[in-house]
Amino acid sequence: MARRALSGWGRTNPTVAEVVDVLRSEVAATVKEAGDRGALVRGLGRSYGDAAQNGGGLVLRLQGSASDAVLDAAAGLVTVGAGASLDDLMRVIVPRGWFVPVTPGTRFVTIGGAIASDIHGKNHHVDGSFANHVEQLTLQLADGSVATVSPTNDAELFWATFGGMGLTGIVLSATIRLLRIETSRMSVDTQRVADLDALFATMSEGDEAHRYSVAWIDLAAKGRQLGRSALTRGDHARFDELPLRLQADPLAYGPRQLLSVPPLVPRPGVLNHATVAAFNEFWFRKTPRSRVGEIQEIGAYFHPLDMVGDWNRLYGRPGLVQYQCVVPFGQEDVMRRIIEQLSAAGVASFLAVLKRFGAANPAPLSFPQPGWTLALDMPAGGQGLGTLLHRLDTMVLDAGGRNYFAKDAHTTPETVRRGYPRLAEWQAVRRRVDPLQGWQSDLGRRLLLAAD
Amino acid sequence: MQNAFGQPQTITVLGGTSEIGVAIARALVSPVTRTIVLACRDVDRGEEMAASLRDGTVTVDVVHFDAADTGTHAAVVESIAAKHGDLDVVVLAFGQLGDADALAADPEAAAALTHVNMTGGVSASIAVANRLRRQGHGSLVVLSSVAGERVRKANFVYGATKAGLDGFAQGLGDHLDGSGARVLVVRPGFVHSKMTTGMKAAPFATTPEAVAAVTVRALRSGRRLVWAPGILRWVFMVLRHLPGPVWRRLPLG
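Residues numbered from 1 in each chain as written. Chains lettered and ligands numbered in written order. Predicted model: local features only at pLDDT ≥ 70, side-chain atom pairs only at ≥ 80, totals over all residues.

1. A look at the nonpolar core
And then number 1: In this structure, I115, A174, A215 and L374 of chain A are the most contacted members of the largest nonpolar core, which totals 125 residues.
And then number 2: For this core, the element with the highest residue contribution is strand 18 (residues 320–327) of chain A, accounting for six residues.
And then number 3: Beyond its immediate sequence surroundings of up to four residues, L374 of chain A is in contact with Q324, C325, M335, I338, A352 and L354 of chain A.
And then number 4: Of all hydrophobic cores here, the second largest spans 65 residues; its members include C40, F94, L165 and V185 of chain B. (Core = buried A, V, L, I, M, F, W, Y, C linked by C-beta atoms within 7 Å. Buried ≥ 20, exposed ≤ 12 C-beta atoms within 10 Å, placed from the backbone. Helix = DSSP H or I, 4+ residues; strand = E, 2+ residues; numbered from the N terminus. Contact = placed C-beta atoms within 7 Å.)

Encoded structure:
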């Protein structure tokens, strides 16, 4: 056990906690050591803000790998320890012809983290979020017991754990429904889209024909070019779609990191308006006007940033913040004004993505709801950025939308109460399973999640 | 818990009637601010200051705090945290200026002023530091003075208390390294305020608002020591090395 400073992926606002690496079998005994600042489990630290921090308290890092995962090929189910990452799991299941039901833009999230944030991917419009594919969980509860919960066994606690940000208990293992795949490749259609209206129209029409769809938006573009983007839609490639040389080993899978950003990046970072605008211009021009059926590897399609280790260091000492919101369908005007404001503010974002969400699930704090979701990274040191994001929050809430806890590093308890009207329902579950507030986090304290 | 932009939710001013302290609190207010606590000896005067800060969603709480009563400091700090949650930014703003001529001649008065400024400052800082260490985060801002660099003869008793507090606060900041808690020492020059009304302004005189702006920037960038205005750092770098006979002759107010 050691006192260590922890921050999120954005490297903003670190706090110091007692940090201890634990095996699944050691969780119950370790949690008993927690004092009045409570305990929290931390995965791979990919949440951008303070979700996986617990200043002054205890932070458990649950160790795990997919080597003890149990694959039930007949049922298409895998049972895996919550400390394993999607990367670990994919290396085991992809060569056997299975894929994870949902993957975010990085493989380096744990199963536990995927559940706590109820993560979504490019297939939300078809498949929903992570919770939609979990059969059951084992959960370390605050009273020292271990519960097995599912949609039919303590459904309230099961659903409260998705999006519950680790504040209902520590997920020890999960049984997940997998997706059958013929190959480890993707068949990808790419097209340039000239502006925002065209993007809304194209995505509304064509998304349903593909399992995966996402648009990268050039936020540096203004005026008539506002919202110009590169839309990529894909599906798992069938065996007969592979070129002959790949058919020899259709399920080959071994993504690698190409390079890693060293710890010594100049203090202000290297991502600023000029470099980002240049990159965006290059990226847009590099995108083919239209290309159909390109065969790509899973890593290249889903996790391009994972090829660069520690890329968050590029933002230098001030770190980065990510903003992600969803506004309901029919509120495209609001999304347009949000993009206009970000573009006008000269926000240096080279990672703005837009996608369509499908139906929500029963989890009271799950982020996705039907509508448009925008996500972007920005250097945290930007002048007036805090004020801008608060203004955007108001626009999002007025439109009936909300923000994503896993990305949040700036908002207020009031915002959360407007965006998540079922918070009280979640708090009732928490009061039942954790009346003494054994689970705590900086995010929970900042947004007063357990209060009321 | 402050957010990624260094915007605090709770702001506490020890010496809540201090114009500079309140100016810093005002400059730190953002849409995420929930509470400002003004801890002061003169609660009525504190309420007047509080009225100027109350706006929209921010709760302003005035609590009794006596810098001279060191036995109460830990309890005051804990009760503020118990009521309002983690302390994000605490500004140690109290301090008496006194009458320089009287202080130079009256042992009782000099001891009393030293007790408030130095002993009270040390005690309150340690009470705050203990809380911040337990939280694993938080900032203590200590209002020092340019006297932290070299004490002027014109007001040497007051200056010495600030120099002592300055050294203590820097040491405390170093001691807290790795705890998540931080200390920022602010060294203002002559500040136009009620404390200095009627006094002759020294060169590079500034205002509470300007000191507050400098302080907020320094907090956001994680500095440990800041001068207000910044040029005084260079001025005093020269002054501190002047030979005594020259230093004593300088007309520094």
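Having seen the model, we can carry on.
2. What to know about the interface of chain B and chain A
And then number 1: Listed per partner, the contact involves 19 residues of chain B and 23 residues of chain A.
And then number 2: Of the residues assigned to the side of chain B that touches chain A, the class counts are five nonpolar, twelve polar and two charged. (Nonpolar A, V, L, I, M, F, W, Y, C, P; charged D, E, K, R; others polar.)

3. Structural notes on the sheet that holds strand 1 (residues 2–6) of chain A
Residues and elements named next belong to chain A.
And then number 1: With mixed pairing, four strands are arranged side by side in an open sheet as 1-2-4-3. Of all strands in the sheet, those with a lone pairing partner are strand 1 and strand 3 (39–42), marking the two edges. Across this sheet, the average inter-strand angle for adjacent strands is 45°, counted without regard to direction.
And then number 2: Of the strand pairs in this sheet, strand 1 and strand 2 (residues 15–22) are connected by five bridges, and their pairing is antiparallel. Note that in strand 2 the partner of R3 across the bridge is E18. (Pairing = 2+ DSSP bridges. Axes fitted to C-alpha atoms, helices over the stretch in contact; angles between N-to-C directions.)

4. Comments concerning the sheet that holds strand 5 (residues 138–143) of chain B
Residue and element names in this part refer to chain B.
And then number 1: One open sheet accounts for seven strands, arranged 3-2-1-4-5-6-7; its pairing is parallel. In the strand order of this sheet, the two ends are held by strand 3 (59–64) and strand 7 (225–228), each with one partner. On average, each strand axis in the sheet is tilted by 20° relative to the strand beside it, whichever way the strands run.
And then number 2: Sheet topology places strand 5 next to strand 6 (residues 181–188); six bridges connect them, and they run parallel. Looking at strand 6, one finds that L140 is bridged to V183.
And then number 3: The sheet strands contacting helix 1 (residues 19–28) are strand 1 (10–14), strand 2 (35–40), strand 4 (89–92), strand 5 and strand 6, and the helix crosses strand 1 at an angle near 175°.
And then number 4: Relative to the sheet, helix 5 (residues 107–135) contacts strand 1, strand 4, strand 5 and strand 6, its axis offset from that of strand 5 by approximately 165°.

5. Examining the packing of helix 1 of chain B against helix 7 (residues 208–221) of chain B
All names here are of chain B.
And then number 1: Here helix 1 crosses helix 7 at 50°, and the two axes come no closer than 8 Å. When the axis of helix 1 is compared with that of helix 7, the two are oblique. Crossing handedness for the pair helix 1 and helix 7: right-handed. Side by side, helix 1 and helix 7 meet where E19, I20, A23, I24, R26, A27 and L28 of the first sit next to P208, E209, V211, A212, A213, T215 and V216 of the second. (Parallel < 35°, antiparallel > 145°, perpendicular 65-115°, else oblique. Left-handed = near helix turned anticlockwise from the far one by under 90°.)

6. Digging into helix 3 (residues 73–84) of chain B
All names here are of chain B.
And then number 1: Here helix 3 spans 17 Å end to end across twelve residues, near enough to the 16 Å set by a 1.5 Å rise per residue.
And then number 2: Within the sequence span of helix 3, burial applies to H73, V76, V77, I80 and A81. Buried residues in helix 3, looked at end-on, bunch into an arc of 130°, giving them a common side. Exposed positions of helix 3 whose direction lies more than 90 degrees from the buried face are A75 and A82. (Expected span 1.5 Å × (residues − 1). Arc of directions from axis to C-beta.)

7. Notes on the packing of helix 5 of chain B against helix 6 (residues 156–175) of chain B
Residue and element names in this part refer to chain B.
And then number 1: Between helix 5 and helix 6, the shortest axis-to-axis distance is 9 Å and the interhelical angle comes to 15°. Judged on the interaxial angle alone, helix 6 and helix 5 are roughly parallel. Read as a crossing pair, helix 5 and helix 6 show a hand that is right-handed. Together, A110, L113, T114, N117, M118, G121, V122, S125 and A129 of helix 5 and V157, Y158, T161, K162, G164, L165, F168, A169 and L172 of helix 6 make up the contact between the two elements.
And then number 2: When grouped by side-chain class, the residues that make up the contact of helix 5 with helix 6 number eleven nonpolar, six polar and one charged.

8. Comments concerning the confidence of the model for chain B
And then number 1: On average, residues of chain B score 95 in pLDDT, and 100% of them reach the 70 mark or higher.
And then number 2: Interface confidence in the predicted complex, given as ipTM, is 0.93; pTM for the same model is 0.94. (pLDDT = per-residue confidence, 0-100.)

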